[in-house]
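Observations on the three-dimensional arrangement
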Amino acid sequence: MTAHVVNVGADLLAEAVSAQAVEVTRVDWRPPMPGTEGDLATLAVDPIRRDANVRALAALLRTTAQLVDVAPASEVLGLQRGEFLHAGPPIEWAMASGPLRGALMGGAALEDLVADPEDAVALFESGTSVWLEPCHHRSTVGPMAGVVTPSMWMFVLEDPATGRRTHCSLNEGLGKVLRYGAYGPEVLTRLRWMSEVLGPLLQKAVRTTVEDTGPVDVTGILTQMLQMGDEAHNRNRAGTLMILRDLGPAMVTSGADPRDIAAGLKFVGGNDHFFLNLAMPACKLALDAARGTTGSTIVVAMSRNGTEFGIQTAGTGDEWFTGPAQVADGLYLGDYGPDDANPDIGDSAITETAGIGGFAMATAPAIVRLVGGSVPDALATTRRMHEITLGENPRWSVPALEFQGVPSGIDVTRICRTGILPQINTGMAGRLAGVGQVGAGLVTPPAEIFPKALARLAELARDRGESHLRGFALPPG
Amino acid sequence: MSSDGLTHVELRPGAYADSVTLLQVSRTVQGIAGVTAAQVAMGTTLNLEVLTQMGFAVPPEATPNDMVLALHLDDAEGLDQALAGVDAALLAVNRPAAGPRDLAPPRTTATGLRGVTDGIVLVSVPGANAMVEAMDALDAGCDVMVFSDNVPVEQEVELKRVASGRGLLVMGPDCGTAVVDGIGLGFANVVQPGPVGIVAASGTGCQQLLALLDHADVGVTSALGVGGRDLSTAVGGVSTLAALHRLDADPGVELVVMVSKPPAETVAEKVRSRASELSTPVEFALLGPGQPDLTAAAESVLARLGRAVPQWQVVAPTTPLTAGAGRWLRGLFVGGTLCDEAMLIAATRLGPVHSNIPLDSNLALDPHRPLPGKHTMVDFGDDALTAGRAHPLIDPSLRLEHLAQVAADDETAVILLDVVLGHGAEPDPASALARMIGSARRPVVVAVVGTRADPQDLAQQVRLLADAGAEVHLSNAGATRRAIDLIGQP
């Protein structure tokens, strides 16, 4: 006995079934994004799509992340003098936005490539002896401008099952900080202290902890913090205190100057976003496990460089699909307003890509106002994201939604079919280099990048020699 | 029921709730203090019988469109409270439960199927989008009925290839009618369960069979539509074969009937050959020149089941029909297979019949232009006439416009119409037709395809048409022959 009818299309037909006292689910179907019908049809019948997505999602969900080391980028990434990593898809100085330029200028001064950050403009304009590369291309993620230079200390996260590693710099705190494009003396002073004092202190603490009790389970902390009101993008308070709890004893017994230990404990404990730089590489580690799955339509990276928003999918290798980054909608600090905000920037949307951040908004009611929303909005947002994802994360659950797992495995085809765009929680950087943070809010990717990725996925499906798919390249409309 | 106390019966015209809901309401009202008997029901024939048996005197004007509220109370003082209780109960059942129902609805078939284990999916989105939704159903391990038309044939082939590999069934595309496990999907008639299983490559052909078998008191457990193109060489009968095997595996099915518009001969051969290997006998009703019509097929089914063939009902108007002065038969159909069947019958008696769905491409006509001086039959359900508007089973306006034209045309000899009832069809198709029939001054013969339990009330629809002056048949073939007989009569 069929117990349930799912109706997609004419409501009259649902009514006719409902009148027979049969339970009917009514799909609120709407036309797909313009021009995507043919590619959606191609991918719907791509014989490897379903299995590829199952495998990609399973790889993403089974990956765990452990904090195994803290060390300079020059060591763990082999970053050379003059090499700069940055957030988002590839970009040249000429196209770089204010906050990215500011962070690069500060980074150049930090590495003593120039004496004054302002002098770095000429250096980057000349393009000689400096090289820009996306963090994502080096198994790394960086929040906001995401600038990484050789002397910066990095968290090293490892998947215990495969030994794969990802990296992220240490979080500087809020306000006037390099990642928001500020490069004043206080910014550089803090960064130097982080390299000289905090980095070595954390290295000792992590290495001691690894020896004594084993690596720190970052995925496990994420599991807990999601039940404590953090969504791990714009709120990381519980996670930060848990990492401090895990590393604190080894910091205290490190043998370092007690004043440095106290400063380190105070800095970590006083920076509510400290854990973000652990959440991000943990998410990247999981998503990278899905990378390179031929035929999979799952998104494995969403990232912005302040000018463009780019995505990568599991089935399209390292190709970026880009469009103009949007300005977030949210609340501003002090006197700042929309005119002061730079378009969306940072690799931190890796959290949403993995199903947390804006996707887990329902679990973080404490910050819904920070990003300009309400609690019902937050619940609705997480539920809406389930429409564009293929599964739920059994580790990361949302108490307010009856412990439903966070929406995981963003599917390009679902986005194109529904027009629902991924919801991202984000900080806002000032438009001009040197300003720093001006606010926080909600943003979505530019819609057009998803049909672009879809078209490439469909092209690859047709190229795989499935001759019966070739007839599916319908003209749009 | 005690004769003491107070009996209250009232009709609420226009109020409607489904029978399950009203059974719940009745039970609630029966629990109100002072109420000794209560029945709230729609005024169908069956319900009126029940009410009469309970001792309620139901007003004779009650129709199935009226809600009947019948109460017996200990005394008159309880009436207001009881009536308030009825209203409260009706309100309560119509209020959606809190919780998940407040959520935004799913946006794709895939998300609609989350948590559904034994669902069936009904797809009626535009043809270019239908396959994507249907594939969601197959990916979730569910059968799917694709009501949508204009689905590219290569997508149909691919969808059915995938379904076949997974042991699933794709009904359609362009599948208008199915009955699955007793649930009517699309335009389906309300039938009793019974020994017959139908595989239908034709929606209204299936409905004619359902209706005729219902009149013969033979039930149908499943009627699996396969879509009008399934028996084409391009598709190769994939769903037909899958449906035949489904029904063969159902112990409740004693006889399978395969109904189709004229199929591709090679595919028909393959299907016949595979059908002969099944343990359940298969009766073929494949329309075509020289083949039995649907009514003859229904009679064969009854004979194989050892059931009596009833007299197919004909309701004549008070004034018997006589031929007019015109020359041409004008068939105006909402059912494509009914149109096909009528053309096949008419062609043997009258010669060529021109149509927008002609039996021979030389006989094609453009339905947007004035009808030629020939015998004509127009299928208003054809894709070309439904683009941008609902199917004529839902939106009768286009056929009504044409009816007005042929009714006013002196060249018209006889008008032949079909009226298709059942789930999904408009609630009262006969009324609008009756108004035009009444002023037509041409003989009008109507085939009414419906069952006794259909929501439109078959008997009333027939009565409206006959009262307006039409001769009403339950058999489309019978109606067609009668219309032909009326041409050239003095």
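Every residue gets a number counted from 1 within its own chain, in the order that chain's sequence is written. Each chain gets a letter, beginning with A, and each ligand a number, beginning with 1, in the order they are written. Predicted model: local features are reported for residues with pLDDT of at least 70 only, side-chain atom pairs are reported and counted for 80 or more only, and whole-chain, interface and lining totals are derived from all residues.

A few words on the overall build of chain B. Only runs of H or I of at least four residues qualify as helices and only runs of E of at least two qualify as strands under DSSP, and these elements are numbered from the N terminus. In terms of regular secondary structure, chain B is built from 16 helices and 19 strands. Restricting the calculation to C-alpha atoms gives the radius of gyration, and the globule rule supplies 2.2 Å times the number of residues raised to the power 0.38. Taken over the C-alpha trace, chain B has a radius of gyration of 24 Å; the compact-globule value for 490 residues is 23 Å, and the two agree within 12%. Along the longest, intermediate and shortest principal axes, the C-alpha atoms of chain B span 75 × 60 × 45 Å. Counting other C-beta atoms within 10 Å of its own, a residue is labelled buried from 20 upward, exposed at 12 or fewer, and partly exposed in the gap between, with every C-beta atom placed from the backbone. Counting the 490 residues in chain B, one finds 52% classified as buried. Two residues qualify as a contact pair if the distance between their C-beta atoms, derived from the backbone, is within 7 Å. Look at the contacts in chain B between residues 6 or more apart in sequence, and 72% of them connect residues 24 or more apart.

Before going further, it helps to examine the domain arrangement of chain A. Residue and element names in this part refer to chain A. All domain edges in this entry derive from an automatic or database-based domain assignment. The domains assigned to chain A are domain 1 (1–30), domain 2 (49–61 + 291–469) and domain 3 (65–280). For domain 2 versus domain 3, the separation of C-alpha centres amounts to 22 Å. Contact with domain 2, which involves 45 residues of that partner, is made by 46 residues of domain 3. Of all the secondary structure elements, the ones that give two or more residues to the side of domain 2 that touches domain 3 are strand S9 (299–305), strand S10 (308–313), strand S13 (345–346), helix H12 (350–353), strand S14 (389–398), strand S16 (424–429) and strand S17 (437–443). Considering each element in turn, the side of domain 2 that touches domain 3 owes the most residues, 4 residues, to S9.

In this section: the domain arrangement of chain B. Examined at the domain level, chain B breaks down into domain 1 (6–100), domain 2 (109–304) and domain 3 (314–485). The gap between the C-alpha centroids of domain 1 of chain B and domain 2 of chain B is 39 Å.

Moving on to the confidence of the model for chain A. pLDDT measures the predictor's confidence residue by residue and takes values from 0 up to 100. Mean pLDDT over chain A works out to 94, with 96% of the residues at or above the 70 mark. Below a pLDDT of 50 lies the segment residues 473–477 of chain A, which in the model reaches 11 contacts outside its immediate sequence neighbourhood of four places, other chains included.

What follows concerns the sheet that holds S17 of chain A. Hydrogen bonding along the main chain pairs the strands of a sheet, whether they run parallel or antiparallel. Residues and elements named next belong to chain A. Spatial ordering of the open sheet is given by S12-S17-S16, a layout of 3 strands whose pairing is antiparallel. This sheet does not close on itself; its edge strands, each paired only once, are strand S12 (329–332) and S16. Neighbour-to-neighbour, the strand axes of the sheet open up by a mean angle of 25 degrees, direction not taken into account. At least two DSSP bridges between two strands are needed for those strands to be called paired. Judged from the 4 bridges that link them, S12 and S17 form a sheet pairing that is antiparallel. Paired with Leu331 across the two strands is Ala440, which belongs to S17. For helices, the axis comes from a line fit to the C-alpha atoms of the stretch in contact; other axes are also lines fit to C-alpha atoms, and the angle between any two N-to-C directions lies between 0 and 180 degrees.

Moving on, we get to the environment of Asp454 of chain B. Residue and element names in this part refer to chain B. Within the element layout of this structure, Asp454 appears in the loop between strand S18 (444–449) and helix H15 (458–467). Residue class for Asp454 comes out buried when judged on the 26 C-beta atoms lying within 10 Å of it. In this structure, the C-alpha to C-alpha distance between Asp454 and Lys270, residues 184 residues apart in sequence, is 36 Å. Filtering out sequence-adjacent residues up to four positions away, Asp454 remains in contact with Asn189, Val190, Leu421 and Gly422.

Moving on to the environment of Ala263 of chain A. Residues and elements named next belong to chain A. As for its placement among the helices and strands, Ala263 is situated in helix H10 (residues 258–269). Judged by the 16 C-beta atoms lying within 10 Å of it, Ala263 falls in the partly exposed class. Residues Ala263 and Leu198, 65 residues apart in the sequence, show an inter-C-alpha distance of 8.5 Å.

Before going further, it helps to examine helix H11 (residues 336–350) of chain B. Quick reminder: α-helices carry 3.6 residues per turn. Residues three or four places apart thus point the same way. All names here are of chain B. The span you would expect from a helix comes to 1.5 Å times its residue count less one. For H11, spanning 15 residues, the distance from its first C-alpha to its last is 20 Å, which sits close to the expected 21 Å at 1.5 Å a residue. With respect to burial, H11 is a largely interior element, 11 of its 15 residues being buried. All of the buried residues along H11 are Gly336, Thr337, Leu338, Cys339, Asp340, Glu341, Ala342, Met343, Leu344, Ile345 and Ala346. Following H11 by one or two positions, Gly351 has its phi on the positive side, about 90 degrees.

A word on the interface of chain B and chain A. Facing the 43 residues of chain B at the interface are 43 residues of chain A. Of all the secondary-structure elements, those providing two or more residues to the side of chain B that touches chain A are helix H4 (109–112), strand S4 (119–123), helix H5 (127–139), helix H6 (153–165) and strand S8 (183–186) of chain B. Top contributing element to the side of chain B that touches chain A by residue count: H5 of chain B, with 7 residues. Among the residues making up the side of chain B that touches chain A, the classes are represented as 22 nonpolar, 13 polar and 8 charged. Where strand S1 (residues 4–8) of chain A lies against S4 of chain B, 5 bridges are found, and the strand directions are parallel. Residue pairing in the sheet places Val8 of chain A in a bridge with Val123 of chain B of S4 of chain B. Charged residues are taken to be Asp, Glu, Lys and Arg, nonpolar residues to be Ala, Val, Leu, Ile, Met, Phe, Trp, Tyr, Cys and Pro, and polar residues to be all remaining types, Gly included.

Side-chain positions along a regular strand alternate between the two faces of the sheet. Residues and elements named next belong to chain B. Among the 9 residues in strand S17 (residues 412–420), 9 count as buried, and that is most of the element. Looking at chain direction, strand S14 (residues 328–333) and S17 are connected through 5 bridges and run parallel. When the bridges of S17 are listed, Gly331 appears paired with Leu416. Taken together, the 6 bridges between S17 and S18 define a ladder with parallel strand orientation. Within S18, the position partnered with Leu417 by the bridge is Val446. Read as a crossover between parallel neighbours, the route from S17 over helix H14 (residues 429–438) to S18 is right-handed. Note on handedness: a clockwise path from strand one over the helix to strand two, with the strands aimed away from the viewer, defines a right-handed crossover.

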